[in-house]
Amino acid sequence: MKASYFGPMGYSQRHLFPTTWPIPPSYHDPETSVQSYQEGMEECEFAEEMGFEWVSFSEHHYSGRIATGNPAVMAAAVAERCKKAKIAILGQLLPLNNPVRAAEELAMLDNITNGRVIIGFLRGTPNEDQVYTMNPAEGRGRLLEGMDLVIKALTEPEPFSWEGRYHQFRTVSVWPRPVQQPMPPVIVATRSDDSIQYAAAHGLGLGVSFVPVDQMAKVVEKYVGWCRDAGWQPQPDQIVYRGSIYVAETDKKADEWLAGLKGPSRGMAGPSSVVRAVAAARSGEEFDLRNIIAGSPTGDVSGRGPQLSFMGGPDTIVKQIKTFHDQCGAGVMDLFFQQPGVDHGEVMKEIELFGREVLPRIKEF
Amino acid sequence: MTAQTEFKEGRVEARGLSIRYLEAGQGDTIVAVDSLTWGTPKLYHALAQKYRVVVLEAPQLGGGSPSKSSKALAGITALAAASLAPGDYSLIGTSLSANVALWQALQAPAKIEALVLISPTAILPTGGPPEAAGSRPVQSLLTHPENAPGPPQPDPALAAAEKALVHLLKEVAHDAEAESRLGEIQCATLAVFGLEDKMVSPEAARVYRARIPNCNISLVYDAGHLIEAERPEALINLVSDFVERRETFIVGRESRVINP
């Protein structure tokens, strides 16, 4: 098994943020922000030094908690510091973006890194349907078409035009071509049947984020079955789990940290009326403003507590990770260390502890 | 929704064959070669709003004539086209008829201003479709079997025509001579493929683009071999734009202004 360091590049003063989404830009202090990115890049560099084989970035918007609106920009900067690790974009939110632009960024990155890029496709969290004013009902269709277009743009050697449902490009001719031929490894980050089937049918990997092990096992069971139907078997690197982690010297110290946490941990939602409107649109329900607003409390409905996938001392963490390996076939653990109330210094200590006490053991899986 | 134009039917003689054709519209002429298996495609109805459209029923496919090669048939369709369209024209061919149109452009290029090849199978055919996902053989030509053209329960004549079409697609072989001569085609050319077309290898499209001097290739998302059945609006938009603007169709001209 491999470990991947997820680089959210969180704003160091994020504990002062309101609990809703988006975070107003008025909370931004340039000096703090510059320092935060520097610290985030140090964490990636140190993770590579400690044996993490991937560093990963993810597209999220309008929040300093995961401050990588354009993950390719972040990846390019980190790739100059991390010279060996795979650079995984897990992933780009294809429904929001121009897929040709996404393909160009990925191809450039694969050249800049001399073939170390891993591609991830992702629909995005519901709040992000509001970014760039996309109709949530179109997200699934845009993701499926976007994946086809990115793959074609990366692999087709002659210029072509594209007549899609959501995109029309009369000239596509991506330059440079990827170093990895025919294209870099691709992970589809999803739990939805149609996207899982897409991954299986196209020989692509699967990424699952933050769910308990039993839920991931069900997703992987479907994926592996559909891969078998398509005539192939996924390799360990093609089953990726992203989870939140807090590792301490002992289980007791981890429990003490958790007990000391106050308030909500995330702000990925926003006003509940908007959350309900997005959910209605995604599920194809009729949008009726009176029903959406009626009885809708104002304010935030974001999750409470850190929602950790892994927490404890090294022995416990090893056992927890092994469960995902044994029950889900996960071959890559993409780990989110920047938890609430954990500053840069503590993250560096966790990376060191994980690299020393956990990583050598999970590599044996 | 494309308005339905009334096509009048006629027959034209060429090399001893009586070829059925349909005609509608006014303006610059478009000649199409088509099996017309499922009636008159929406594409021709749309084009007839602006152009004079003459659709030649491919003698091999629709008329039950003995099987002849695309090259031989092209000589016949070129004569028929010259009889019905004395001036210059744009030429459209679909599927097996696109192979005929391709040869027509090679043999009688003088009057052809633009060439549109929709799902051509002359280059790198795969030997036919995979097993049909539904009860009708034609469903093997589609990404979504429910998009099958014509009535859900085709009459015996249509069922036989569909079966014959699929059989012919299995018979088609790589046309090395046509491939070697693609560089001779000087008119603006558009080769259109459904992204999920299993009748040709994925490398086929790029052969046209690389060999024909003024060729664009277009990929229609979420469509198999029968693009007309699965993404008719996309096909109409694309072909109409190309016929009107030829190779300059790549230049955007639709306004993106919101609330001026």
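For clarity, every value in this text was computed on a predicted model and none was experimentally measured.

Quick look at the pattern of salt bridges
Working step 1: Going through the model one piece at a time under the given rule, you end up with 32 salt bridges over all chains.
Working step 2: Among the salt bridges present, the one from A:Glu105 reaches A:Arg101, with a minimum N-O distance of 3.3 Å. In this pair, A:Glu105 and A:Arg101 are both assigned in helix H3 (residues 99-112), four residues apart and thus about one turn of the helix distant.
Working step 3: Under the relative-accessibility criterion, A:Glu105 is labelled buried at 15%.
Working step 4: Among the ionic pairs, A:Glu352 bridges to A:Arg356, the shortest N-O distance being 2.8 Å. Of this pair, A:Glu352 and A:Arg356 both sit in helix H11 (residues 344-362), four residues apart, which is roughly one turn of that helix.
Working step 5: A:Glu352 gets classed as partly exposed once you look at its relative accessible area, which sits at 27%.
Working step 6: The exposure class of A:Arg356 is partly exposed, given its relative accessible area of 40%.
Working step 7: Overlapping salt bridges, with partners in common, bring together A:Glu163, A:Arg170, B:Lys50, B:Asp241, B:Glu244, B:Arg245 and B:Arg253 in one network.

Focus: the domain arrangement of chain A
Working step 1: If you check the domain split of chain A, you get domain 1 (2-261 + 307-362) and domain 2 (269-302).
Working step 2: Centre-to-centre separation of domain 1 of chain A and domain 2 of chain A, based on C-alpha positions: 28 Å.

Structural notes on the packing of aromatic side chains
All names here are of chain A.
Working step 1: A complete count under the given rule lists 18 aromatic pairs over all chains for this structure.
Working step 2: Their ring planes at 85° and their centres at 6.0 Å tell us that Phe17 and Tyr27 sit as a pair that is edge-to-face. Taken as a pair, Phe17 in the loop between strand S1 (2-6) and helix H1 (30-49) and Tyr27 in the loop between S1 and H1 lie far apart in primary sequence, ten residues in all.
Working step 3: Residue class for Phe17 comes out buried when judged on its relative accessible area of 10%.
Working step 4: Taken together, a centroid distance of 3.8 Å and an interplanar angle of 10° make the contact between Tyr246 and Trp257 stacked. Here Tyr246 is found in strand S9 (residues 239-247), whereas its partner Trp257 is found in helix H7 (residues 251-260), with eleven residues between them in sequence.
Working step 5: An aromatic cluster is defined as three or more aromatic residues linked by ring pairs; in this entry it consists of Tyr5, Phe52, Phe337 and Phe354.
Working step 6: Positioned over the ring face of Phe6 is Arg242, at 3.9 Å from the centre of the ring.

With respect to the interface of chain A and chain B
Working step 1: Listed per partner, the contact involves 18 residues of chain A and 19 residues of chain B.
Working step 2: Summing the contributions of chain A and of chain B, the shared interface buries around 1,700 Å²; its carbon and sulfur component is 49%.
Working step 3: Contact with chain B buries area across many residues of chain A, yet A:Glu163, A:Arg165 and A:Arg170 alone supply 38% of it, more than any other trio.
Working step 4: Taken together, the connections running from chain A to chain B amount to three salt bridges.
Working step 5: The salt bridge partner of B:Asp241 is A:Arg170, with a shortest N-O separation of 2.6 Å.
Working step 6: Counting the contacts that link chain A with chain B gives 14 residue pairs in polar contact (both at pLDDT 80 or more).
Working step 7: Those elements giving two or more residues to the side of chain A that touches chain B turn out to be helix H4 (139-155), strand S5 (160-163) and strand S6 (168-172) of chain A.
Working step 8: Looking at the side of chain A that touches chain B, its residues break down into five nonpolar, five polar and eight charged.
Working step 9: Of the strand pairs in this sheet, S5(A) and strand S8 (residues 215-220) of chain B are connected by three bridges, and their pairing is parallel. Along S8(B), the bridge assignment pairs A:Glu163 with B:Val220.

Conventions we followed
- Position labels on residues start from 1 in each chain and follow its written sequence.
- Chain letters and ligand numbers both follow the written order, the letters beginning at A and the numbers at 1.
- In keeping with the predicted nature of the model, local features appear solely for residues at pLDDT of at least 70, side-chain atom pairs appear and are counted solely at 80 or more, and the whole-chain, interface and lining totals rest on all residues.
- In computing side-chain properties, one takes all heavy atoms of the structure into account and sets aside hydrogens as well as water.
- Take a side-chain nitrogen of Lys or Arg and a carboxyl oxygen of Asp or Glu: if they are within 4 Å of each other, that pair is a salt bridge.
- Counting from the N terminus, the helices are DSSP H or I runs at least four residues long and the strands are E runs at least two residues long.
- Burial status follows relative accessibility: with a 1.4 Å probe on protein chains alone, a residue under 20% of its type maximum counts as buried, one over 50% as exposed, and anything between as partly exposed.
- What marks off one domain from the next here is an automatic or database domain assignment.
- Here a Phe, Tyr or Trp ring, Trp counted by its six-membered ring, pairs with any other such ring whose centre lies within 6.5 Å, and the pair is stacked when the planes are under 30 degrees apart, edge-to-face when over 60, and tilted otherwise.
- Whether a charge lies above a ring is judged from NZ of Lys or CZ of Arg, which has to be within 6 Å of the ring centre and within 35 degrees of the ring normal.
- Note on contacts: a residue pair qualifies if any of its non-hydrogen atoms lie within 4.5 Å across the two residues.
- The term buried area refers to how much accessible surface (probe radius 1.4 Å) is lost by two components on association, counted for both of them together.
- By the criterion applied in these results, polar contacts are pairs of N or O atoms within 3.5 Å in which, for protein atoms, one can donate a hydrogen and the other can accept it, and in which residues neighboring in sequence qualify only through two side-chain atoms.
- Polarity classes work like this: nonpolar for Ala, Val, Leu, Ile, Met, Phe, Trp, Tyr, Cys and Pro, charged for Asp, Glu, Lys and Arg, and polar for all others, with Gly in that last group.
- By definition, two strands form a pair when at least two bridges between them are found by DSSP.

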